[in-house]
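One-letter residues, chain by chain:
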Amino acid sequence: MSTIAETSSQRQTRRRVRVDGWRWGGRIFLVLMLLYTALPMVWMLLTSIKSGFAAMQLPPQWWPDQPTLDSYQKLLDPQNSVGQDFLRFFWNSLFVSTATTILSVIVAVPAAYAFSRFTFPGRNFLFFAVLLRNMFPAVIFLVPLFILMRAIGLVNTHGSLILTYLTFGLPLAIWLLKGFYDNIPVQLEQAARIDGATRFQAFVLIVMPLSAPGIIATAIYSFIGAWNEYIYAYTFLSKNEQLTLPVGIQRFFSENTTDFPGLMAASFMMSVPVVVLFLLLQRYFVRALTEGAVKH
Amino acid sequence: MAHVVLKDLVKTYGSFKAVNEVSLTVNDGEFVALVGPSGCGKTTTLNLVAGLTTVTSGDIVIGDRVVNELDPKDRDIAMVFQNYALYPQKSVYMNLAFPLQMRKLPRDEIDRKVKEAARVLDMTQLLERKPRELSGGQQQRVALGRALVRDPAVFLMDEPLSNLDAKLRVQMRSEIKRFHQDLKATIIYVTHDQLEAVTMADRMAVMNGGYLQQYDSPAQVFAHPVNMFVASFVGSPAMSLIPLEASTANGDAVLTSAEGWTLTLSQANARKIQGATSRKIVLGARHSTIKLHKSAVPGAISAKAYTVEPTGDVTFVQAFLSGAIVNISVSPNIAVAPDEQIWLEFDQERMHLFDGESEMALRAS
């Protein structure tokens, strides 16, 4: 008995040591990655609460002597011209991103469902065609789309951006959602239809609730895509009152001497919605909602 | 409850014929099993009856209505799926209530029926659980409950037991059979397991390659298979099918093996092979109709035991004759060793003879 216990404990120790080597390597790597991604954001936050003078000091102040929320107050003050612009850009971004998201969900949900459930002539070709758009760098389409937008009179309107963002966002949304629908067993709808639901009811009552995490995830993806987009917004819009945040921030702060604390405060506030949405997104990805629906 | 009639039912996918002119009648209150190997068209047939797939040609009648064009919801059927297809976001109670809600029954009546079904299936204490919190057997029960809560004209079951472990399967098999007897329900039951079909069904429809091969009571199918496919599919271990050649010797009809041995046929069997289209005859024998001798006996054919599988009640011996596997069952107190010389005697009364060309059973005309 004692010998067996000894050998097994020895074996356990040996195994644990070997795993630990790799595990420590992994931990160090993850910590480095964390620093790499988090430090710029920390620096952004720190700079945003410095005074303009403190921000330019060398050697830098790691922690500001006199932390101040002046930059934030200025940006959020509708009486101030800087604040007026910032709030307008923020609103423009919010409008463009929300409209893009809503439209993309409205189109992507039925499209993805159709790709997942129905066989129709040209299905594979169409699905590939949908993805084709995302196989090229976005900038390739800049000039053609600009010419197109000018031809249909959409230059300098938010509509041009919404349409453009849909061409990026929709394929991805359809593709993502199709994956979700593929994972929902078709038998659930069949059961619902036999239980007395129409095809549409089966979709709305059974499939939609199950794909809610997918729909939310896709919606957040399109929102973030539209929210962060720069090149098209920069090209299609030239009037100051129409600019979205990514373009607006840059325009506005590089005119005279750069107000770094203000720039950083604006950047921080711009990233808040994205960070919040990402946190939500994470929760929905982890959830396995269809567990228990069918036996595999 | 209602009867179901399939008339010349055809379903094609492109050039592939999944279901080929299948005609059969399921009587009111009858338990019919559609059985066959995978890809034989049994599930497609069931989906056609359910309305989940559209009919290419032919008619489906449920009760007195032709339902070809009706939506599944209007066919008054209930279905139990192989993977149960329980609504994962709904509790057991809501799963059972869903078919009733869809039919817009009053709330108190729904409540009464759900509780009644739960009581019958002995799962009252599970009503608030979600499907993922149930064991496989319990999920199976909920699926059954969702079907019976509505009192449909026909129950369709698509391999409902194949996801259960062996022990539970046997238990649920008798429960479903009991359920059929109590409810006098019309049931169409799809399975690839011939044992399920034989044990549960009033009649079984054996399918292969989209065609209905034989439709009869399990006893009849077992005793009088119409062709070699049915003969080998029904029964376990499978019927041994030995390819032979017909000829005459000394005025008697004999079957000759390529291995050199011959088998003299009885008068009755000799008459049967007169109807054959060629001299190629296949001899079919179930394991229990072959007698194993450990020494030479007149009329017995010598062979070598290949494998020996004791099961407790009975020992199965496999041997090769004319290149075909022959299954023989012997009493466990007869010791047979692999590679031992044995002699096999066929029971002329209970042997089956098939036309080697058409693979159809040869019957005395």
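Residues numbered from 1 in each chain as written. Chains lettered and ligands numbered in written order. Predicted model: local features only at pLDDT ≥ 70, side-chain atom pairs only at ≥ 80, totals over all residues.

S.K.: Would you take a moment to explain the overall build of chain A for this structure?
M.R.: Secondary structure assignment for chain A yields 12 helices and 0 strands. The N-to-C order of helical and strand elements in chain A reads α-α-α-α-α-α-α-α-α-α-α-α. When the 296 residues of chain A are sorted by exposure, 30% land in the buried category. Put simply, 74% of the contacts in chain A that link residues at least 6 apart link residues at least 24 apart. (Helix = DSSP H or I, 4+ residues; strand = E, 2+ residues; numbered from the N terminus. Buried ≥ 20, exposed ≤ 12 C-beta atoms within 10 Å, placed from the backbone. Contact = placed C-beta atoms within 7 Å.)

S.K.: It is not clear to me how the nonpolar core should be interpreted in this structure. Could you clarify?
M.R.: Generally speaking, soluble globular proteins have nonpolar side chains that are buried together. Membership of the largest hydrophobic core comes to 156 residues, with the highest contact counts inside it found for Met79, Leu156, Ile188, Tyr189 and Leu344 of chain B. Take this core: its biggest share by element is 11 residues, from helix α7 (residues 158-182) of chain A. Isoleucine 188 of chain B has contacts with Val4, Val26, Val32, Leu34, Leu46, Val49, Val154 and Leu156 of chain B, leaving out every residue within four places of it along the chain. (Core = buried A, V, L, I, M, F, W, Y, C linked by C-beta atoms within 7 Å.)

S.K.: Help me out: how do you make sense of the packing of helix α2 (residues 92-102) of chain B against helix α4 (residues 136-148) of chain B in this one?
M.R.: Residues and elements named next belong to chain B. In contact at an axis separation of 8 Å, α2 and α4 are set at 30° when each is read in the N-to-C sense. In terms of orientation, α2 lies roughly parallel with respect to α4. The interaxial crossing formed by α2 with α4 has right-handed handedness. Seen from α2, the contacting residues are Val92, Asn95, Leu96 and Pro99; seen from α4, they are Val142, Gly145 and Arg146. Residue composition of the contact of α2 with α4, by class: 4 nonpolar, 2 polar and 1 charged. (Axes fitted to C-alpha atoms, helices over the stretch in contact; angles between N-to-C directions. Parallel < 35°, antiparallel > 145°, perpendicular 65-115°, else oblique. Left-handed = near helix turned anticlockwise from the far one by under 90°. Nonpolar A, V, L, I, M, F, W, Y, C, P; charged D, E, K, R; others polar.)

S.K.: When you look at the domain arrangement of chain B in this model, what are you seeing that I'm missing?
M.R.: As a measure of interface size, the accessible area lost when the parts come together is often cited. Residues and elements named next belong to chain B. Here chain B is partitioned into domain 1 (4-232) and domain 2 (238-355). Computed over C-alpha atoms, the centres of domain 1 and domain 2 are 39 Å apart. The interface is formed by 5 residues belonging to domain 1 together with 7 residues belonging to domain 2. (Domains from an automatic or database assignment.)

S.K.: Which parts of the structure should I look at to understand the confidence of the model for chain A?
M.R.: Any segment with low pLDDT has predicted coordinates that should not be analysed in fine detail. Residue and element names in this part refer to chain A. For chain A, the average pLDDT comes to 82, and 86% of its residues sit at 70 or higher. For residues 1-9, every residue scores under 50 in pLDDT, and the model assigns this stretch 0 contacts once sequence neighbours within four places are set aside. Here residues 288-293 scores under 50 on pLDDT; set against residues more than four positions off or in separate chains, the count is 19 contacts. (pLDDT = per-residue confidence, 0-100.)

S.K.: When you look at the sheet that holds strand β2 (residues 16-26) of chain B in this model, what are you seeing that I'm missing?
M.R.: Hydrogen bonds along the backbone pair up the strands of a sheet, which may run parallel or antiparallel. All names here are of chain B. The antiparallel open sheet is built from 4 strands, whose spatial order is β2-β1-β4-β5. A single partner strand is all that each edge strand has here, and the edge strands are β2 and β5 (65-66). Note that strand β1 (residues 4-13) and strand β4 (residues 57-62) share 5 bridges and pair antiparallel. The residue of β4 that forms the bridge with valine 5 is valine 61. (Pairing = 2+ DSSP bridges.)

S.K.: For this particular structure, what's the right way to read the confidence of the model for chain B?
M.R.: This prediction gives chain B a mean pLDDT of 92; 100% of its residues lie at or above 70. Across the interface, the model reports ipTM at 0.84; the global pTM reads 0.79.

S.K.: Even after reading the chapter, I still don't get the environment of proline 110 of chain A, so can you show me in this structure?
M.R.: Residues and elements named next belong to chain A. Among the structural elements, proline 110 can be located in helix α4 (residues 81-117). Note on proline 110: 12 C-beta atoms within 10 Å, which makes it exposed. With 94 residues separating them in the primary sequence, proline 110 and valine 204 have C-alpha atoms 11 Å apart.

S.K.: I tried to follow the sheet that holds strand β19 (residues 341-346) of chain B on my own but got confused; where do I start?
M.R.: Residue and element names in this part refer to chain B. Taken in spatial order, the 5 strands of this open sheet run β15-β19-β16-β17-β18, and their pairing is antiparallel. The open sheet is flanked by β15 (290-293) and β18 (324-330), the only strands paired with a single partner. Taking each pair of neighbouring strands and ignoring which way they run, the sheet shows an average axis angle of 45°. Pairing of β15 with β19, which is carried by 4 bridges, proceeds in the antiparallel orientation. Bridge pairing links histidine 293 to tryptophan 343 in β19.

S.K.: I keep staring at unusual backbone geometry and nothing clicks. Help me out?
M.R.: Residues and elements named next belong to chain B. Here the residue pair serine 236 and proline 237 is connected by a cis peptide bond, since its omega of -5° sits within 30 degrees of zero. Note that proline 237 resides in the loop between α8 (228-233) and β11 (240-249). Its identity is not glycine, yet aspartate 76 carries a phi of approximately 60°, on the positive side. Mapping aspartate 76 onto the fold places it in the loop between β5 and β6 (77-80).

S.K.: Would you explain the pairing of β6 of chain B in this entry?
M.R.: Consecutive side chains along a regular strand alternate between the two faces of the sheet. Residues and elements named next belong to chain B. The alternating pattern of β6 places Ile77 and Met79 and Ala78 and Val80 on opposite faces, both of which are buried. One ladder, built from 4 bridges, connects β6 with strand β7 (residues 154-158); its direction is parallel. Bridge pairing in β7 links methionine 79 to leucine 156.

S.K.: Explain the environment of alanine 97 of chain B to me, please; I cannot follow it from the model alone.
M.R.: All names here are of chain B. Residue placement: alanine 97 occurs in helix α2. The class for alanine 97 is buried, based on 22 C-beta atoms found within 10 Å. Distance in space between the C-alpha atoms of alanine 97 and arginine 150 is 9.2 Å, their sequence separation being 53 residues. Excluding residues that lie within four positions of it along the chain, alanine 97 makes contacts with Ile110 and Val114.

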